[in-house]
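What follows is each chain in one-letter form.
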Amino acid sequence: MTTEITVKGGGQPMVIRINGRKLVEYTEAQAGRDLADISGEFRISYFPRQALDDFGYSTLIPVSKSGVAEAMRITEHDQVEVLVHGQTVLMGWVDDISMQMEGGQFQAVISGRDKTGDLVDGSANPTGPGEYRQVTLANLVHTLCTPFGITVSTDVDVGKPFTLVALEPAETAMAAIERHSRQRGILVTSDGVGGVVLTQSGQERAPESISNPGNVHDMEVRISSRGRFSDVFVKGAFNSHLRPVTAPLKIGAKPLDAPLSASGAGLTPSQAEAAATLRFGHAIDPAVRRYRPRLFLAASQSGGSVEAQQASNPVDPNSATTSPASGAYRGHQHRKPRRKAMKPRTDATPWTLQDQADWRMRSTRAGAAMRVYTLIGLRAANGQLWLPNQKVSVKDSYAGIDADMLIGAVTWVAAQDGYRTRISVVDVDAYDLKGDIDTRHNGRSRSRAP
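## Observations concerning unusual backbone geometry
In the segment running from Gly128 into Pro129, the intervening peptide bond is cis, with an omega of 0°. Tracing the sequence through the fold places Pro129 in the loop between helix H2 (117-121) and strand S12 (131-135). Residue Pro213 is bonded to the preceding Asn212 through a cis peptide linkage, with omega at 5°. The residue Pro213 is located in the loop between strand S18 (210-212) and strand S19 (218-223) in this model. The phi dihedral of Ile38 falls on the positive side, at around 65°, and the residue is not glycine. Structurally, Ile38 can be placed in the loop between strand S5 (28-34) and strand S6 (41-46). In this structure Ile38 comes out as buried when scored by relative accessible area, which is 11%. Located in the positive-phi region is His85, a residue other than glycine, with phi close to 50°. Note on placement: His85 falls in the loop between strand S9 (79-84) and strand S10 (87-102).

Below, the structure written as structure tokens:
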């Protein structure tokens, strides 16, 4: 005798609603949010074609007509709401539908993202305007999100207004938001339920610690050197903001005393002009012990300011020059000492392309080291939900970790074998523009943060 294996809709910790109607039968559902992907995602499966019977053998499962009818009613663009223990963790839309029938058996899978997925796909101001002046980051994000019906909230200081914001013609709304948030040290996240949050990393702590052995059911670690680079450069060219407001020459007037550019450092006007308009940032990852450079283009006039253009371009602390970084890895037979990272920013330092280089360094490094812990249940022991962007104390005897980490992603899973939570952790400064780059080796023992 075979039994239909389903997760019934009444009373389970995870509830799925399609267009406001509870989904009665599904075999597996997972929903989660990831700082790296901005928008949250979900995936729901119905009616698997095979399952294990009481003796452990694969057997076909009969499909009820009502179940097939329920699956066929779901179409793309349908609204999806995912609740975990009565708390809404994701609201979005059905993006993809997959259906299969084989031997009279039927299977359907729907997947999609939360509402901020439209910001990832949709263009920013396709009919204009393409420029804003003297606008704060919060106002800019609000302007770009309003047409999509997405709210914006902030829980940190977003910094001074931008002198100029220039949107690229083919740029998506989320790309424009993320690009400008990096210039103010702000992390952009989704709250999962139709809102964008401008914040900073690790503002809150997780409801409990992660221990292996302990509350960890299983663990997966993948570390790769392909996503890490010894040197990350960000280059851009900007219009000069150092030129006088009034033209140096006027018809019928004498030339003004103001030079073409204000040097402020004993430079000629042409040298000051070049220093103001040709900018770059340079971040160093000391843990990468071979020459692996990566260059990104700022490709925008946004973010230029008098303070930024008066600041000097970064100097490599290992050579005290701006010479090619490759010289630090060759020319000697013996092993060279570990390179020094660039100094972290201070509150008085103007935001420049150096901050974007630091951001790129940390984010690529976070993607190269994946540590995922699976815990039983959909919430912590105290009843609170695990959420992304929380600091969590991790003590893993197998991976050699004993320190505070940052929860980069959380996925809630309801499956035939029970409920569980997958938690991905990254270095605590992976999404922090204001901290120093972590120079520890992946997988080595770490001291606990105070």
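There is more to say after this.
## Re the sheet that holds strand S21 (residues 278-284)
Strand-to-strand pairing in sheets goes through backbone hydrogen bonds, with the strands running parallel or antiparallel. Reading across the sheet, the 3 strands line up as S21-S20-S22 and stay open at both edges, with mixed pairing between neighbours. Only two strands of the sheet have a single partner each, and these edge strands are S21 and strand S22 (293-297). Here the strands of the sheet are splayed against their neighbours by 20° on average, with no regard to which way each runs. Of the strands in this sheet, strand S20 (231-237), S21 and S22 are in contact with helix H7 (residues 353-368), which crosses S21 at around 35°.

## Looking at the side chain of Arg228
With respect to the secondary-structure elements, Arg228 resides in the loop between S19 and S20. In terms of polar contacts, Arg228 uses its side chain to reach the side chain of Asp285, at 2.7 Å.

## Considering the packing of aromatic side chains
A full pass over the atoms with the stated rule returns 1 aromatic pair. Seen in terms of ring centroids, Trp359 and Tyr431 are 6.4 Å apart; in terms of plane orientation they differ by 70°. Their pairing is edge-to-face. Highlighted residues: Trp359 in helix H7 and Tyr431 in the segment after strand S26 (418-426), separated in sequence by 72 residues. Across the pair, Tyr431 and Trp359 agree in class, each one buried. Over the face of the ring belonging to Phe162 we find Arg184, whose NZ or CZ atom lies 4.1 Å from the ring centre.

## Describing the side chain of Asp78
For Asp78, the location among the structural elements is in the loop between helix H1 (65-72) and S9. One polar contact links the side chain of Asp78 to the main-chain amide nitrogen of Thr75, over a distance of 2.8 Å. Apart from the residues lying within four places of it in its own chain, the contact partners of Asp78 are Ile18, Asn19, Arg73, Gly92, Trp93 and Val94.

## What to know about helix H4 (residues 173-182)
Taken across its 10 residues, H4 has 8 buried, putting it largely inside the fold. Considered for burial, the residues of H4 that qualify are Ala173, Met174, Ala176, Ile177, Arg179, His180, Ser181 and Arg182. On the buried face of H4, the contacting elements are H2, helix H3 (137-145), strand S14 (162-166), strand S15 (187-190) and H7.

## So, the pattern of salt bridges
Per the counting criterion, the structure on display carries 14 salt bridges. With a closest N to O distance of 2.4 Å, Arg113 and Asp121 form a salt bridge. Arg228 is the salt-bridge partner of Asp285, the closest N and O atoms lying 2.7 Å from each other. With Asp285 in the loop between S21 and S22 and Arg228 in the loop between S19 and S20, this residue pair connects regions lying 57 residues apart in the sequence. Each member of the pair, Asp285 as well as Arg228, is classed as buried. A single network of salt bridges, built from pairs that share partners, joins Arg362, Arg365, Asp427 and Asp429.

## Regarding the nonpolar core
For soluble globular proteins, nonpolar side chains are generally found buried alongside one another. Met14, Ile16, Ile210, Trp386 and Val392 are the most contacted members of the largest nonpolar core, which totals 40 residues. Apart from the residues within four sequence positions on either side, Met14 is in contact with Tyr26, Ala29, Val82, Leu83, Val84, Leu378, Trp412, Val413, Ala414 and Tyr419. Counting residues in each nonpolar core, the second largest holds 24 residues, with Ile38, Val141, Cys145 and Ala173 among its members.

## Some remarks on the confidence of the model for the protein chain
For the protein chain, the mean per-residue pLDDT works out to 79, and 72% of the residues sit at or above 70. Of the regions scoring below 50 in pLDDT, residues 1-10 engages in 30 contacts with residues more than four places distant in sequence or in other chains. Within the model, pLDDT remains below 50 along residues 49-63, and this stretch shows 35 contacts once partners closer than five positions in the same chain are excluded.

Criteria and thresholds
- Residues numbered from 1 in each chain as written.
- Predicted model: local features only at pLDDT ≥ 70, side-chain atom pairs only at ≥ 80, totals over all residues.
- Heavy atoms only, no water.
- Helix = DSSP H or I, 4+ residues; strand = E, 2+ residues; numbered from the N terminus.
- Buried < 20%, exposed > 50% of the residue type's maximum accessible area, 1.4 Å probe, protein only.
- Pairing = 2+ DSSP bridges.
- Axes fitted to C-alpha atoms, helices over the stretch in contact; angles between N-to-C directions.
- Contact = heavy atoms within 4.5 Å.
- Polar contact = N/O pair within 3.5 Å; in protein donor to acceptor, adjacent residues only side chain to side chain.
- Phe/Tyr/Trp six-rings, centres within 6.5 Å; stacked < 30°, edge-to-face > 60°.
- Lys NZ or Arg CZ within 6 Å of the ring centre and 35° of its normal.
- Salt bridge = Lys/Arg side-chain N within 4 Å of Asp/Glu carboxyl O.
- Core = buried A, V, L, I, M, F, W, Y, C linked by side-chain atoms within 4.5 Å.
- pLDDT = per-residue confidence, 0-100.

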